[in-house]
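Descriptive structure summary
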Amino acid sequence: MALTWDGQSLWTVAGASVYRHRLDDLSIANTTQFIGGNVNLNLNYGGLSWDGANFTTTGTKVVGFGKQANYLIRVRQVIDASILSLKTISEEELPVFGNIGTLTWIDDRLWVSTGQQTMTSGEGSFFHELEKGKDGRWRLVKTYKAPGGRCQGLAWDGAYLWSYDVFEQALFKHKMDEELTIVEKYSEINGERLMYFNG
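Let us look at the structure shown here. Each chain has its residues counted from 1, following the order in which its sequence is written. Only residues with pLDDT of at least 70 are given local features in this predicted model, and only at 80 or more are side-chain atom pairs given and counted; all residues enter the totals for whole chains, interfaces and linings. Only hydrogens and water are set aside; all other atoms, that is, all heavy atoms of the structure, feed into the side-chain values.

The four strands lie next to each other as 9-10-11-12, forming an open sheet whose pairing is antiparallel. This sheet does not close on itself; its edge strands, each paired only once, are strand 9 (100-106) and strand 12 (138-146). In this sheet, neighbouring strand axes are inclined to one another by 25 degrees on average, regardless of whether the strands run parallel or antiparallel. Strands pair, by our definition, only if DSSP identifies at least two bridges between them. Only DSSP runs of H or I covering at least 4 residues are called helices, and only runs of E covering at least 2 are called strands; the numbering of each starts at the N terminus. Sheet analysis places strand 10 (residues 109-114) next to strand 11 (residues 125-132), joined by five bridges and oriented antiparallel. The residue of strand 11 that forms the bridge with Ser-113 is Phe-127. Interaxial angle, 0 to 180 degrees, is taken between N-to-C directions of lines fitted to C-alpha atoms, where a helix line uses only the stretch in contact.

Below is the structure:
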């Protein structure tokens, strides 16, 4: 499950289907379903975000002998023969290892999270700040230790970074300093793996 806001509509992902919702009425009657087209959002996707022009998500590909690489995928909606669908317009490799849980944008920088798959395995969760170089490739600016073990929600409100950890069942408000200091923690929040900011 993932969701994002494009400035006009709320979009959600469930499995390989994408839905656009009217905020004045979130009933099924006022929901538009988009078929996946050539976009496989069910293959280890890492959230859904809006970069101001296109939808973005992440996915993994096998690159040689069982190794996986993470990719940023830009997607746009198309209408072909009266059928609403989504189409991949670019795939860009990301220098981040591990399964990406979610993503958000802060200006033109991409932020993603990675984390352990179970509550008892791995080294916890991390935030990765990335920027695109002059050569068109993404480079890792900095990695931060995230609270909890599996961050599945990231959002930027213009002043603070917000994260949600599914193992902690807590929402964190981070100051944008060198350590992403936690300003507030909201516990006992039963959330899904999603978060967005509507501006």
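Following the structure, the description resumes.
Moving on: the sheet that holds strand 15 (residues 170-174). Spatially, 13-14-15-16 is the arrangement adopted by the four strands of the open sheet, whose pairing is antiparallel. Pairing within the sheet leaves two strands with one partner each, and these edge strands are strand 13 (151-156) and strand 16 (182-186). When the angles between neighbouring strand axes are averaged without regard to direction, this sheet yields 20 degrees.

When charged atoms on two side chains of opposite charge get close, those side chains can pair. For salt bridges, the criterion is a side-chain nitrogen of Lys or Arg within 4 Å of an Asp or Glu carboxyl oxygen. Taken as a whole and judged by the stated rule, the model has nine salt bridges. The residue Arg-74 makes a salt bridge to Asp-51 at a minimum N-O spacing of 2.3 Å. Residue Arg-74 is found in strand 7 (residues 68-80), and its partner Asp-51 is found in the loop between strand 5 (49-50) and strand 6 (55-62); the two are separated by 23 residues along the sequence. Each residue's exposure class comes from its accessible area (1.4 Å probe, protein chains only) as a fraction of the maximum for that residue type: buried when under 20%, exposed when over 50%, partly exposed otherwise. When its relative accessible area of 15% is taken as the criterion, Arg-74 is described as buried. Given a relative accessible area of 27%, Asp-51 falls into the partly exposed group. A salt bridge links Arg-74 to Glu-92, with the shortest nitrogen-to-oxygen separation between them at 3.4 Å. Of this pair, Arg-74 sits in strand 7 while Glu-92 sits in strand 8 (residues 83-94); the two residues are 18 residues apart in sequence, bridging distant segments of the chain. Overall, the relative accessible area of 14% leaves Glu-92 in the buried class.

Looking now at the pairing of strand 12. In this sheet, strand 12 lies alongside strand 11 in antiparallel orientation, the contact comprising eight bridges. For Glu-129, the partnering residue across the bridge sits in strand 12 and is Lys-142. Taking the residues between adjacent antiparallel strands as the criterion, strand 11 and strand 12 are bridged by five residues, where Gly-136 takes a positive phi near 90 degrees.

Our focus in this paragraph is the side chain of Glu-131. Along the chain, the position of Glu-131 falls in strand 11. Judged by relative accessible area, which is 19%, Glu-131 ranks as buried. N or O atoms closer than or at 3.5 Å make up a polar contact, with two conditions inside protein: a donor-capable atom paired with an acceptor-capable one, and, for residues adjacent in sequence, both atoms drawn from side chains. Within the local environment of Glu-131, its side chain forms a polar contact with the side chain of Arg-109, the two groups lying 2.8 Å apart. Reaching out from Glu-131, the side chain makes a polar contact with the side chain of Arg-139 at a distance of 2.4 Å. Filtering out sequence-adjacent residues up to four positions away, Glu-131 remains in contact with Arg-109, Arg-137, Trp-138, Arg-139 and Val-141. A contact between two residues is defined here by any heavy atoms of the two lying within 4.5 Å.

A word on the environment of Arg-150. Here Arg-150 is to be found in the loop between strand 12 and strand 13. Taking relative accessible area as the criterion, Arg-150 reaches 19% and is therefore assigned buried. The spacing of Arg-150 and Gln-116 is 34 residues in sequence and 5.8 Å in space, taken between C-alpha atoms.

Glancing now at the nonpolar core. Grouping buried Ala, Val, Leu, Ile, Met, Phe, Trp, Tyr and Cys residues that are joined through side-chain atoms within 4.5 Å yields what is termed a nonpolar core. Counting residues in hydrophobic clusters, the biggest one holds ten residues: Leu-72, Leu-94, Val-96, Ile-100, Leu-103, Trp-105, Leu-110, Val-112, Leu-130 and Trp-138. Contributing elements (two or more residues each) for this core: strand 9 and strand 10. With three residues, the top contributor of residues to this core is strand 9. Core analysis: the next-biggest nonpolar cluster, separate from the first, contains nine residues, Ala-146, Cys-151, Leu-161 and Leu-180 among them.

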